Amino acid sequence: MSETIAIADRNKLLLGLGFATGMEFYIADSMNLVLPDIAGTLGVGTDEASWLLTTYSSAMFLGVPVCIWLAGHVGYKRYLVGTVALFALASLGCALSPSFPALLTCRAVQGFAGAGLVVWWRASIYLLMAKPLRSPSLMRVSTMLYLASASGLLASGWITENLDWHLIFVPILGLAVLATWFLWRYFPDVPRPVSHRLAHTDVIGILLLGVAVVSLQVILSRGPVDDWMGSAHLRALAWVTVLSLGMFIAWQGSHLNKAPLLDMALVRDRSVLSSVLLGVFAGVILSGSLYALPEYLRNIDPRRLSAFQTAQVMCVYAFVGALIRPAMVELIARIGQRKAIMLALLTLIASMLWFARVLTSGTPNSAYVVPLILYACCVVPLLPALGSGTVARIDQGRLLDGVSLYMTFRQFGASLGVAGLNALIDWRETYHSSRLFEHVRGNHPLTDGVLRDLGATATERAGVTSVEGHRMAMGMLRDLASTQSATLAYADAFLAMALIGCMTILLLPVVPPTPAAKKLFA
């Protein structure tokens with residue numbers, strides 16, 4: 001099939017795929033960046049604003065396994081173009097949303113459409129390109145996606161700071177127009193699959209997955225407010241989530257299911273099994289590793305960086321990723337998949353430990369450059385190495401099933417990443433606050449000395465009484481302790497991500513050894 005695509009048309013098709021998926025990459029990091037502005041404008045708390053991330057991620061979790069089946073029903077080209085249009089319409093809805101519930105709804109639609117984009121840019125290359133062309137094609141689109149992330153951060157930061165956060169969604173419409181033109185013109189007309197499994201509907205599977213996603217979303221959204229498993233309501237939903245997911249997985253592998261969404265038989269292949277298991281951890285790493293940094297810089301750091309200042313810090317990793325991505329094809333081919341994953345995870349651990357070490361009140365922006373570069377050096381080889389394990393040894397006719405299986409479990413991990421870090425930060429902040437405020441409330445000599453100095457300064461400069469000065473000193477000390485406890489909690493979040501990296505390394509023996517310098521991995 002790939003021989004029918006001319007070189008010029010192939011390059012333009014890759015541009016279309018890059019523009020299409022670039023819409024999702026453009027907005028993914030940007031939403032985390034502007035959450036404080038959204039919360040302030042719509043009158044919601046930071047915890048509620050984070051629902052915009054968990055809702056999006058949960059909708060993607062539902063959309064990933066559905067997108068291969070849906071494309072088989074309507075045709076690959078129509079599905080991809082329709083998904084671009086749906087993502088653009090949802091983005092327009094976000095721009096026009098007058099309230100938080102409306103924005104949340106549009107983000108859910110965005111997530112469902114975004115699932116098709118993140119799966120089908122890769123699936124299209126596997127479907128349409130001959131094996132020798134896959135690695136360079138994936139590299140070109142990947143480089144575009146890193147540049148889209150960097151552009152999204154900078155553009156969204158500037159727009160939010162100088163105009164209005166609603167307008168950050170407008171550039172997506174331009175990307176959608178370009179993507180639609182290139183895809184409609186250069187995506188070949190591929191016949192619909194004749195597979196019985198893709199041509200029919202797994203109604204029970206979709207319902208079970210939908211119940212699991214909705215229950216999980218409620219838990220992730222309400223957990224910080226309702227004390228997680230301390231709430232009987234959330235405990236019941238947790239059981240519903242576990243049972244629904246278990247039944248979904250069992251139903252996908254059941255002989256009674258004639259048209260499963262996921263081809264679970266592929267898990268018998270060791271390379272696919274390793275990618276599925278590692279994919280869950282990769283999803284947590286992708287969604288959680290840098291989640292805490294913009295949150296900290298904008299909400300906790302005494303400097304209170306603006307959206308654009310924070311974007312300038314964050315975009316370092318995306319630009320470095322775009323710079324080094326072309327070298328990854330040869331690197332992974334030389335050292336093999338397992339060594340590439342090991343190297344990536346060790347780099348992740350170093351990055352997260354570095355973040356935890358330098359994260360203090362008033363840390364200069366330059367201190368974050370090295371750990372951000374290290375993070376880029378983790379993600380850039382990790383994703384191609386994991387993705388290659390899914391499809392390297394699968395027959396051509398089952399490539400799409402392999403991609404869908406890997407991406408489903410990876411997105412499941414991504415759904416857990418942000419919510420897990422939010423819960424961890426809340427817990428650790430409470431812990432550190434209790435420890436610090438023991439000294440603030442007690443008769444600790446050091447605390448008494450600080451209070452006397454602050455009270456004297458307040459009395460002298462503000463012209464207040466000694467009693468009022470003491471109250472002002474107590475308030476300043478409480479603020480200082482709150483900032484310090486939050487800083488320690490965010491540092492703990494980076495330590496947790498380093499621990500995730502260590503746990504992922506323990507799974508590496510599952511990855512089958514691959515000969516170095518014989519395969520080019522996508």
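Further up the page is the structure itself.
Residues numbered from 1 in each chain as written. Predicted model: local features only at pLDDT ≥ 70, side-chain atom pairs only at ≥ 80, totals over all residues. Heavy atoms only, no water.

Undergrad: What exactly am I supposed to notice about the nonpolar core here?
TA: For soluble globular proteins, the rule of thumb is that nonpolar side chains tend to be buried together. Counting residues in each nonpolar core, the largest one holds 156 residues, and the members touching the most others are Val 119, Trp 120, Phe 169, Leu 183, Tyr 368 and Leu 372. Looking at this core, the element that brings in the most residues is helix H5 (residues 100-128), giving 16 residues. Once residues within four sequence positions are removed from consideration, Val 119 is found in contact with Val 64, Cys 67, Ile 68, Val 403 and Met 407. (Core = buried A, V, L, I, M, F, W, Y, C linked by side-chain atoms within 4.5 Å. Buried < 20%, exposed > 50% of the residue type's maximum accessible area, 1.4 Å probe, protein only. Helix = DSSP H or I, 4+ residues; strand = E, 2+ residues; numbered from the N terminus. Contact = heavy atoms within 4.5 Å.)

Undergrad: Sorry, what's going on with the packing of aromatic side chains here?
TA: To describe a pair of aromatic rings, you give the distance between the ring centres and the angle between the ring planes. Tallying each qualifying case throughout the model produces twelve aromatic pairs. Taking 5.1 Å as the distance between ring centres and 85° as the angle between the ring planes, the aromatic pair formed by Trp 181 and Phe 182 counts as edge-to-face. Among the residues examined, Trp 181 registers a relative accessible area of 47% and is labelled partly exposed. Accessibility expressed as a relative area gives 12% for Phe 182, which makes it buried. Taking the ring centre of Trp 184 as reference, the NZ or CZ of Lys 77 above it sits at 4.8 Å. (Phe/Tyr/Trp six-rings, centres within 6.5 Å; stacked < 30°, edge-to-face > 60°. Lys NZ or Arg CZ within 6 Å of the ring centre and 35° of its normal.)

Undergrad: Could you clarify how one ought to interpret the pattern of salt bridges in this entry?
TA: Within this structure, the stated rule accounts for five salt bridges. With a closest N to O distance of 3.7 Å, Asp 189 and Lys 77 form a salt bridge. With a gap of 112 residues between them, Asp 189 in the loop between helix H7 (170-186) and helix H8 (196-199) and Lys 77 in helix H4 (residues 76-96) connect regions that are remote in the sequence. Lys 77 gets classed as buried once you look at its relative accessible area, which sits at 14%. A salt bridge links Arg 303 to Asp 301, with the nearest nitrogen and oxygen atoms 3.1 Å apart. (Salt bridge = Lys/Arg side-chain N within 4 Å of Asp/Glu carboxyl O.)

Undergrad: Honestly, the packing of helix H1 (residues 7-42) against H5 in this entry has me stumped. Any pointers?
TA: Angle between the axes and distance between the axes: these two values describe a pair of packed helices. Relative to each other, H1 and H5 sit at 155°, their axes nearing to 10 Å. On the basis of their axis angle, the class for H1 and H5 is roughly antiparallel. Judged by the sense of rotation from one axis to the other, the crossing of H1 with H5 is left-handed. Contacts from Leu 13, Leu 14, Leu 17, Ala 20, Thr 21, Met 23, Glu 24, Phe 25, Ile 27, Met 31, Ile 38 and Leu 42 of H1 reach H5 at Phe 100, Leu 103, Arg 107, Gln 110, Gly 114, Leu 117, Val 118, Trp 120, Trp 121, Ser 124, Ile 125 and Leu 128. Counted by class, the contact of H1 with H5 contains 18 nonpolar, four polar and two charged residues. (Axes fitted to C-alpha atoms, helices over the stretch in contact; angles between N-to-C directions. Parallel < 35°, antiparallel > 145°, perpendicular 65-115°, else oblique. Left-handed = near helix turned anticlockwise from the far one by under 90°. Nonpolar A, V, L, I, M, F, W, Y, C, P; charged D, E, K, R; others polar.)

Undergrad: I would appreciate a short explanation of the packing of helix H3 (residues 51-74) against H4 in the present structure.
TA: The N-to-C vectors of H3 and H4 enclose an angle of 150°; their axes lie 8 Å apart at closest approach. Between H3 and H4, the angle falls in the class roughly antiparallel. Here H3 and H4 pass one another in a crossing that is right-handed. Where H3 approaches H4, its residues Tyr 56, Cys 67, Leu 70, Ala 71, Gly 72 and Val 74 are matched on the opposing element by Tyr 76, Arg 78, Tyr 79 and Phe 87. Its residues placed into classes, the contact of H3 with H4 shows eight nonpolar, one polar and one charged.

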